[in-house]
Amino acid sequence: MHKHDTPSHRPGRRALIAGLLAAFAATGLATSASAQQYWPQRPVRLVVGYSAGGGVDAVARLVAPRLAELLGQSVVVDNRTGAAGLIAGDAVARAAPDGYTLMLGDSSLLIAQYLQPRMSFDPVKAFTPVASLFTLPLVIVTANDFPAKTPAEFVSLLKKNPGRYSFATSGVGTVHHLGFEMLKGQTGAYVVHIPYRGAAQIVPDVMSGQVPIGVVSAASAIAQARAGKLRALAVMNPVKLQGGEDIAPLSDALPGFSAVPRLYVLAPAGTPAPIVERLSDSLRKVMDAPDIAQAAAAQGAVPAYMPAGPLAADIARESAAWGKVIREQKISNQ
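Every value quoted in this text rests on a predicted model; they were computed, and no experiment measured them. (Residues numbered from 1 in each chain as written. Predicted model: local features only at pLDDT ≥ 70, side-chain atom pairs only at ≥ 80, totals over all residues. Heavy atoms only, no water.)

Asker: Can you tell me about the overall build of the chain, naming the residues and giving the values?
Answerer: The helix and strand inventory of the chain stands at 11 helices and 11 strands. In the chain, buried positions account for 48% of the 334 residues. Long-range contacts, defined as pairs at least 24 residues apart, comprise 77% of the intrachain contacts of the chain with a sequence gap of at least 6. Entry remark: accessible area of the chain is about 15,700 Å², with carbon and sulfur atoms responsible for 55%. (Helix = DSSP H or I, 4+ residues; strand = E, 2+ residues; numbered from the N terminus. Buried < 20%, exposed > 50% of the residue type's maximum accessible area, 1.4 Å probe, protein only. Contact = heavy atoms within 4.5 Å. Areas by Shrake-Rupley, 256 points an atom, 1.4 Å probe, with all protein chains shown as cover.)

Asker: If you had to explain the packing of helix H6 (residues 175-187) against helix H11 (residues 308-328) to someone new, which residues and values would you point to?
Answerer: The interhelical angle for the contact between H6 and H11, taken along N-to-C directions, is 70 degrees, at an axis separation of 10 Å. Here H6 lies roughly perpendicular to H11, going by the angle between them. In this structure, H6 uses Val 175, Leu 178, Gly 179, Glu 181 and Met 182 to contact H11, whose residues at the interface are Trp 322, Val 325 and Ile 326. (Axes fitted to C-alpha atoms, helices over the stretch in contact; angles between N-to-C directions. Parallel < 35°, antiparallel > 145°, perpendicular 65-115°, else oblique.)

Asker: Report on the sheet that holds strand E1 (residues 44-48), specifying residues and quantitative values.
Answerer: Overall, mixed pairing links the six strands, which are arranged E2-E1-E3-E10-E4-E11 in an open sheet. Edge positions in the sheet fall to strand E2 (75-79) and strand E11 (302-307), since each of these pairs with one other strand and no more. Neighbour-to-neighbour, the strand axes of the sheet open up by a mean angle of 25 degrees, direction not taken into account. Taken strand by strand, helix H9 (residues 273-287) contacts strand E3 (101-106), strand E4 (127-135), strand E10 (262-268) and E11, and its axis lies near 5 degrees from that of E4. (Pairing = 2+ DSSP bridges.)

Asker: I'd love a proper account of the sheet that holds strand E5 (residues 138-142), names of residues and values included.
Answerer: If you walk across this open sheet you meet the five strands as E7-E6-E8-E5-E9, and the pairing is mixed. Whereas interior strands pair on both sides, the edge strands pair on one side only; in this sheet they are strand E7 (192-195) and strand E9 (231-235). Going across the sheet, the axis of each strand differs from the next one's by a mean of 30 degrees, ignoring polarity. Here E5 pairs with E9 via four bridges, running antiparallel. Within E9, the residue paired with Val 141 across the bridge is Ala 232.

Asker: Give a description of the nonpolar core that names residues and reports values.
Answerer: Core analysis: the biggest nonpolar cluster contains 49 residues, and Phe 154, Leu 158, Phe 180, Leu 183 and Ile 213 have the highest contact counts within it. Beyond its immediate sequence surroundings of up to four residues, Leu 183 is in contact with Ile 140, Phe 154, Leu 158, Leu 250, Leu 254 and Phe 257. Listed in part, the 35 residues of the second largest apolar core include Leu 71, Val 77, Ala 131 and Leu 133. (Core = buried A, V, L, I, M, F, W, Y, C linked by side-chain atoms within 4.5 Å.)

Asker: Help me get a handle on the pairing of E4, residues and values and all.
Answerer: In terms of burial, E4 is largely enclosed, as nine of its nine residues are buried. Judged from the seven bridges that link them, E4 and E10 form a sheet pairing that is antiparallel. Across the sheet, residue Ser 132 finds its bridge partner in E10, namely Tyr 264. The sheet contact formed by E4 and E11 spans four bridges and is antiparallel. Pairing of Phe 134 across the sheet is with Pro 303, part of E11.

Asker: How would you sum up the packing of helix H5 (residues 151-160) against H6? Please name residues and give values.
Answerer: In the contact formed by H5 and H6, the axes pass within 11 Å of each other and the chain directions differ by 70 degrees. Of the possible angle classes, the one that applies to H5 and H6 is roughly perpendicular. Considering how the two elements wind past one another, H5 and H6 form a crossing that is right-handed. On the side of H5, the interface is formed by Phe 154, Val 155, Leu 158 and Lys 159, while H6 contributes Phe 180, Leu 183 and Thr 187. (Left-handed = near helix turned anticlockwise from the far one by under 90°.)

Asker: Break down the pattern of salt bridges for me, citing the residues and quoting the values.
Answerer: Scanning the model with the defined rule gives 13 salt bridges in all. Notably, a salt bridge pairs Arg 80 with Asp 78, separated by 3.3 Å at the nearest N-O pair. (Salt bridge = Lys/Arg side-chain N within 4 Å of Asp/Glu carboxyl O.)

Asker: Before we move on, could you go through a nonpolar patch on the surface and cite the residues and values that matter?
Answerer: Together, Tyr 190, Val 192 and Ile 194 give the surface a local cluster of nonpolar side chains, amounting to about 250 Å² of exposed area. Tracing the backbone through its elements, the reader meets Val 192 in strand E7. By relative accessible area, which is 32% here, Val 192 ends up partly exposed. (Patch = residues over 30% accessible without salt bridge, like charges linked within 9 Å, V, L, I, M, F, W, Y side chains within 5 Å.)

Asker: Which residues make up helix H4 (residues 108-115), and what values do they have?
Answerer: Within H4, six of the eight residues are buried, which leaves it mostly tucked inside the rest of the structure. Burial in H4 covers these residues: Ser 108, Leu 109, Leu 110, Ile 111, Ala 112 and Leu 115.

Asker: Quick rundown of the confidence of the model for the chain? Include the residues and the values.
Answerer: Confidence in the prediction for the chain averages 87 pLDDT; 87% of positions are at 70 or higher. Every residue in residues 20-32 is under pLDDT 50, and counting partners more than four places away or in other chains gives two contacts. (pLDDT = per-residue confidence, 0-100.)

Asker: Now, about unusual backbone geometry: what can you tell me, with residues and values included?
Answerer: In this structure, Pro 40 follows Trp 39 across a cis peptide bond, with omega equal to 0 degrees. Structurally, Pro 40 is set in the loop between helix H1 (10-38) and E1. If you check the backbone angles, Lys 330 has positive phi at about 55 degrees while not being a glycine. Mapping Lys 330 onto the fold places it in the segment after H11.

Asker: Would you mind going over H11 in detail, with residue names and values included?
Answerer: The end-to-end C-alpha separation of H11 is 30 Å, in line with the 30 Å expected for 21 residues at 1.5 Å each. For H11, the complete set of buried residues consists of Ala 308, Leu 311, Asp 314, Ile 315, Glu 318, Ser 319, Trp 322, Gly 323, Val 325 and Ile 326. Lining the buried residues of H11 we find H4, E4, H6, E10, H9 and E11. Phi turns positive one or two residues past the end of H11, at Lys 330, with a value near 55 degrees. (Expected span 1.5 Å × (residues − 1).)

Below is the structure:
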């Protein structure tokens with residue numbers, strides 16, 4: 001046995017190894033703390049789960065160049081379409097947590113986990129929330145001759161006439177569908193759901209009387225209501241809309257009612273906190289721009305910045321709320 005391997009010398013070796021490990025750990029911490037200073041060194045990718053030209057894509061392209069100016073690197077919008085955003089979500093969940101791959105996510109990810117049991121990722125655990133950017137208000141629309149004109153009249157009419165009315169949305173399991181199912185759950189009303197393959201035909205069919213009620217984006221509702229072609233009867237969240245101040249919130253009839261889908265930036269789980277902090281602060285500055293609200297209004301979006309910490313709690317709350325609606329209303333996409 002060599003002298004340095006004797007038992008009397010082993011504690012010294014262990015102390016040396018412990019010291020080296022502590023030094024490496026301290027170096028790692030220093031590297032993490034400096035990540036904010038040295039990141040980014042190359043373009044950042046902002047993944048969008050919807051096709052170019054759509055509302056979510058338009059919002060991404062509104063934010064990306066402004067964020068790029070603050071970061072000093074290009075922010076490239078990457079459209080990964082398919083499966084209602086799940087293909088994009090899977091790509092970002094699998095990406096390296098280095099701040100170079102982000103996602104403009106929305107509430108559909110939180111809904112999908114309850115309707116797609118074989119999802120490849122957990123929409124709450126697979127990401128680090130960075131910042132909430134916008135809400136996407138949902139509006140209940142009817143033909144101009146519909147017998148209810150206010151939220152209170154609308155709720156009363158549905159409760160008194162079970163099964164008489166139907167409502168159209170852009171599909172089973174969409175936020176539009178679940179928002180109205182939340183209304184049904186809170187009132188006990190029985191209203192038949194008519195799922196469409198997308199939203200384009202809903203407004204024309206409501207105006208023509210093919211379907212009595214529709215749930216659409218604020219942009220579609222406000223434009224047609226201003227033209228006098230339909231009635232924008234209620235907005236499903238309590239926030240006043242720019243350009244739609246005369247649309248009453250559904251909470252006037254159902255206190256506390258809120259079905260508010262969000263758009264938020266997500267990073268892969270494990271992204272260093274300093275990078276998340278810099279991103280969140282940069283996005284706050286983007287959202288503070290005076291013209292952002294007006295530009296977003298064209299896409300039916302309302303600025304609603306929220307930093308990473310509160311957003312994480314809000315995502316967990318929203319996820320639980322959609323799950324409750326799906327269970328109670330026995331919704332399935334099968």
